[in-house]
Amino acid sequence: MKYIALVLALVVLCASCSTDIDEKPQFFHVEVEGALLPVLVRGSQATEKIVLYVNGGPGGTGLDVAELDPGNWQDYLEPDVAIAYYDQRGTGNAQCRFTQESMTLNQYVDDIHAILHVLYERYPRARLYLMGHSFGAMLCYRYMNTYGDAHLVEKYIAASGVATRLKDEEHWEIRKAFVRSVANENITNGVDEEYWTNALNWIAEHEEMSEIEERAELFQHMQKVAIEEAAEIEFKDVYNILLFSENNFFPYYLHLKKRQGAYNQLVDEERQWDIKSEIPELKFPLLLIGGAYDISVPPQELEWVYEQVASTEKELVILPDAGHDHYISQPELFANAVLTFLDD
Amino acid sequence: MKVLIIIGIVFGSTSLIGQSYWQAGYTGGNIVHPGISLTYVQTVHQSLKLTRSGDTLHRELGMGFNAGLVYHKNYNTSATLLGQISKRRVKGNGNYFAYRIGLGYMHSWVPNTYVFERGVVKKEVTSLNYIIAEPSIEWGWSLSKSPGFIEGIYLRPKVQFSAPYFMGSNQYLMLDLGVFINTKKTAQ
């Protein structure tokens, strides 16, 4: 009896060990076009659902998002899916001797494609999803149009991705509609009635929005409803990154100034990008998530994208009391929207 | 090749007579990425000064080499070899402050790498070569007035520049902590 109990105990122990290994974060590098991109896969790999997260910025670091976890994804998302975080070319702990010329939007999209290929190779049974926030969402749009037909990705999640440029007429129409909406909402609720009535009158008098001063004033009205969403970074978070992080902390931060040229190059290309013309070509399952008070990408912009895309499976979720970083201010609602979309 | 010649000159210089000492200890970026470091320094010039308080102060110019190995589970596991020049001010009690510059070579391995080329994925350990420069400062504390085999401990923060790298060089802040052993005594 004693031996049977011992064998059973060993079997249970081994079984628990193997589960543990499945769920252990996996770390590897992807070498593509001269760059070594670090990738961390964390969360429930046993579910065989992997979301590749494309960080915003440009210049933000995915591995820092994983480490600091501002959206509490470890509690809200990772029990149900695995998330693959990575540092984009030229940021964070992406390393090697690639050239500044390779810092282009197309190369960023090629990098995503390479990582997805590697995820497919490592997890052949997993379903892959692509989720981007802000600049990352814009890259998701381009990825869908460039490599969507390869069918590596089953569904796309674009959180607060800009879809119009400053020179697009729609850009200003959308922002005027946003100010009208928040003005009416505030007047109805009796909040700053005089200010918002004046704002409505000002918009009625300025139809064109062609002057810089007009655009600046419109932006001031938008800023009135901006929501503070900075992640709470505690001393222990900084301490953990500095001393105990798996990532090499210093390379990224010591490079900020030196990398300015490459950063500017990327931002310039982003500003020139006629993204509006690519939106109607988006044809794969797409979830658009935004914040009700996102002054960078107002909900009206996402509504416009929703109307324009060719996707037959599409959803639009606007999170209340949230701004551009809604995954930080409304982590539970954000996670629910993502998981519901992936489960459908 | 130029770098190898410079390293050779520095190594050759260490045959000069005078005080010499070894240092052995821990080196690493962050705390969780440990390594070992071995340094040899040969004094090539020294001067003695009497301070106002009556203490003696040795000023030494040293040359030598440093060999190191740093392990990082996920990123770069690296082996380094550098020639070094150092200046050291040793107090009468044996405590010292030094600053040094090293120049050499680093070979780095990045484990668990997937290479994506023309739609094909291959798994391999990526191997990288760098020229490195390491400026550092150092504090040493003598353990006693009549030291045994281990004469004292040292603390050496350093910055490691490695090149070629994206947009120039890469930098790491590192910390060495260890013991030093004198092999030849200074003539008092």
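Residues numbered from 1 in each chain as written. Chains lettered and ligands numbered in written order. Predicted model: local features only at pLDDT ≥ 70, side-chain atom pairs only at ≥ 80, totals over all residues. Heavy atoms only, no water.

Draft legend 1. Broad picture of the pairing of strand S2 (residues 33–50) of chain B. Residues and elements named next belong to chain B. In this sheet, S2 lies alongside strand S1 (residues 20–29) in antiparallel orientation, the contact comprising ten bridges. Following the sheet pairing, Ser20 is matched in S2 by Gln42. Counted between consecutive antiparallel strands, the loop separating S2 from strand S3 (residues 56–70) contains five residues, among which Gly54 sits at a positive phi close to 95°. (Pairing = 2+ DSSP bridges. Helix = DSSP H or I, 4+ residues; strand = E, 2+ residues; numbered from the N terminus.)

Draft legend 2. Structural context of the packing of aromatic side chains. For the coordinates displayed, the defined rule picks out 20 aromatic pairs over all chains. When the ring of Trp73 of chain A is compared with that of Phe334 of chain A, the centres are 6.0 Å apart and the planes differ by 10°; the resulting orientation is stacked. On the criterion of sequence distance, the pair formed by Trp73 of chain A in helix H3 (residues 73–76) and Phe334 of chain A in helix H15 (residues 331–343) is long-range, its members being 261 residues apart. For Trp73 of chain A, a relative accessible area of 2% puts it in the buried group. Phe334 of chain A gets classed as buried once you look at its relative accessible area, which sits at 2%. For the pair Trp22 of chain B and Phe65 of chain B, a centre-to-centre distance of 6.0 Å together with 85° between the ring planes defines the contact as edge-to-face. (Phe/Tyr/Trp six-rings, centres within 6.5 Å; stacked < 30°, edge-to-face > 60°. Buried < 20%, exposed > 50% of the residue type's maximum accessible area, 1.4 Å probe, protein only.)

Draft legend 3. Region of interest: the layout of surface pockets. All names here are of chain A. Here the largest pocket is characterised by a volume of approximately 700 Å³. Breaking the lining of the largest pocket down by element, the ones donating at least two residues are helix H5 (135–147), helix H6 (169–188), helix H8 (212–223) and helix H11 (260–272). A class-by-class count of the residues in the lining of the largest pocket yields 15 nonpolar, seven polar and five charged. Mapped onto the domain boundaries, the lining of the largest pocket takes at least three residues apiece from domain 1 (26–165 + 230–343) and domain 2 (169–223). (1 Å grid on protein atoms, 1.4 Å probe; cavity = no way out; pocket = protein on both sides within 12 Å on 5 of 7 lines; lining within 4 Å. Points joined across faces, edges and corners; volume = space filled by probe spheres on them. Nonpolar A, V, L, I, M, F, W, Y, C, P; charged D, E, K, R; others polar. Domains from an automatic or database assignment.)

Draft legend 4. Highlighting the domain arrangement of chain A. Residue and element names in this part refer to chain A. Entries for chain A in the domain assignment read domain 1 (26–165 + 230–343) and domain 2 (169–223). Between the C-alpha centres of domain 1 and domain 2 the distance comes to 31 Å. Overall, the association of domain 1 and domain 2 removes approximately 1100 Å² of surface from exposure, summing both partners, and the carbon and sulfur fraction of that is 62%. Broken down residue by residue, the surface that domain 1 buries against domain 2 is led by Tyr293, Ile295 and Gln300, which jointly contribute 50%. Taken together, the links from domain 1 to domain 2 amount to two salt bridges. In this structure, the salt-bridge partner of Arg175 is Glu301, at a minimum N-O distance of 2.7 Å. Counting across the domain 1 and domain 2 interface gives five residue pairs in polar contact (both at pLDDT 80 or more). Considering every element that reaches the side of domain 1 that touches domain 2, the biggest residue donor is helix H13 (residues 299–308), with four residues. Among the residues forming the side of domain 1 that touches domain 2, the class breakdown is seven nonpolar, three polar and four charged. (Buried area = accessible area lost by both parts, 1.4 Å probe. Salt bridge = Lys/Arg side-chain N within 4 Å of Asp/Glu carboxyl O. Polar contact = N/O pair within 3.5 Å; in protein donor to acceptor, adjacent residues only side chain to side chain.)

Draft legend 5. Unusual backbone geometry, seen in detail. In this chain, Ala163 of chain B is followed by Pro164 of chain B through a cis amide linkage whose omega measures 0°. With a phi angle near 60°, Glu48 of chain A is a residue other than glycine that sits in the positive phi range. Note that Glu48 of chain A resides in the loop between strand S2 (35–43) and strand S3 (49–54). Residue Glu48 of chain A is classed as partly exposed on the basis of its relative accessible area, which comes to 28%. Despite not being glycine, Arg118 of chain B shows a phi value in the positive range, around 50°.

Draft legend 6. Up close: the nonpolar core. Residues and elements named next belong to chain A. Leu52, Ile112, Leu116, Leu119, Leu130, Tyr143 and Ile279 are the most contacted members of the largest nonpolar core, which totals 68 residues. Counting residues per element, this core draws most heavily on helix H4 (residues 105–122), at nine residues. In this structure, Leu119 is in contact with Phe28, Val41, Ile50, Leu52, Ala84 and Leu128, ignoring residues within four places of it in sequence. By size, the runner-up hydrophobic cluster in this structure holds 30 residues, among which are Val81, Met131, Ala322 and Phe341. (Core = buried A, V, L, I, M, F, W, Y, C linked by side-chain atoms within 4.5 Å. Contact = heavy atoms within 4.5 Å.)

Draft legend 7. Representation of the pattern of salt bridges. All names here are of chain A. According to the stated counting rule, one finds 21 salt bridges over all chains in the structure shown. A salt bridge links Arg42 to Glu78, with the nearest nitrogen and oxygen atoms 2.9 Å apart. With Arg42 in strand S2 and Glu78 in the loop between H3 and strand S4 (82–86), the pair connects residues that are 36 residues apart, well separated along the chain. As a salt-bridge pair, Glu170 and Lys276 come within 3.2 Å of each other at their nearest N and O atoms. Of this pair, Glu170 sits in helix H6 while Lys276 sits in helix H12 (residues 275–278); the two residues are 106 residues apart in sequence, bridging distant segments of the chain. For Glu170, a relative accessible area of 23% translates into the label partly exposed.

Draft legend 8. Representation of the pairing of strand S6 (residues 153–159) of chain A. All names here are of chain A. By the criterion of burial, S6 is predominantly enclosed, with six of the seven residues buried. Read from strand S5 (residues 127–133) through H5 to S6, the crossover connection turns out right-handed. Of the pairings in the sheet, the one linking S6 to strand S7 (residues 286–291) comprises four bridges and is parallel in character. Opposite Ala159, over in S7, you have Ile289 as the bridge partner. (Right-handed = clockwise from strand over helix to strand, strands pointing away.)

Draft legend 9. Just the environment of Asn76 of chain B, in detail. Note that Asn76 of chain B resides in the loop between S3 and strand S4 (77–91). The sequence separation of Asn76 of chain B and Trp109 of chain B amounts to 33 residues, and the corresponding C-alpha distance is 5.4 Å. Setting aside anything within four residues of it in sequence, one finds Asn76 of chain B in contact with Gln95 of chain A together with Val70, Ser108, Trp109, Val110, Leu128 and Tyr172 of chain B. A polar atom in the side chain of Asn76 of chain B sits 3.0 Å from the side chain of Gln95 of chain A. A polar atom in the side chain of Asn76 of chain B sits 2.9 Å from the side chain of Ser108 of chain B.

Draft legend 10. Seen up close, the packing of H6 of chain A against helix H7 (residues 193–205) of chain A. All names here are of chain A. For the pair H6 and H7, interaxial distance at closest approach is 9 Å and the crossing angle is 150°. Comparing the axis directions of H6 and H7 gives the class roughly antiparallel. For the element pair H6 and H7, the recorded crossing hand is left-handed. Residue-level contacts link Lys176, Val179, Arg180, Val182, Ala183, Asn184, Asn186 and Ile187 of H6 to Glu193, Trp196, Thr197, Leu200 and Ile203 of H7. Each residue belonging to the contact of H6 with H7 can be placed in one class, and the counts come to seven nonpolar, three polar and three charged. (Axes fitted to C-alpha atoms, helices over the stretch in contact; angles between N-to-C directions. Parallel < 35°, antiparallel > 145°, perpendicular 65-115°, else oblique. Left-handed = near helix turned anticlockwise from the far one by under 90°.)

Draft legend 11. Broad picture of H15 of chain A. Here H15 of chain A contains 13 residues, and its C-alpha end-to-end distance of 18 Å stays within 8% of the 18 Å for a straight helix at 1.5 Å per residue. For H15 of chain A, the full list of buried residues reads Pro331, Phe334, Ala335, Ala337, Val338, Leu339, Phe341 and Leu342 of chain A. (Expected span 1.5 Å × (residues − 1).)

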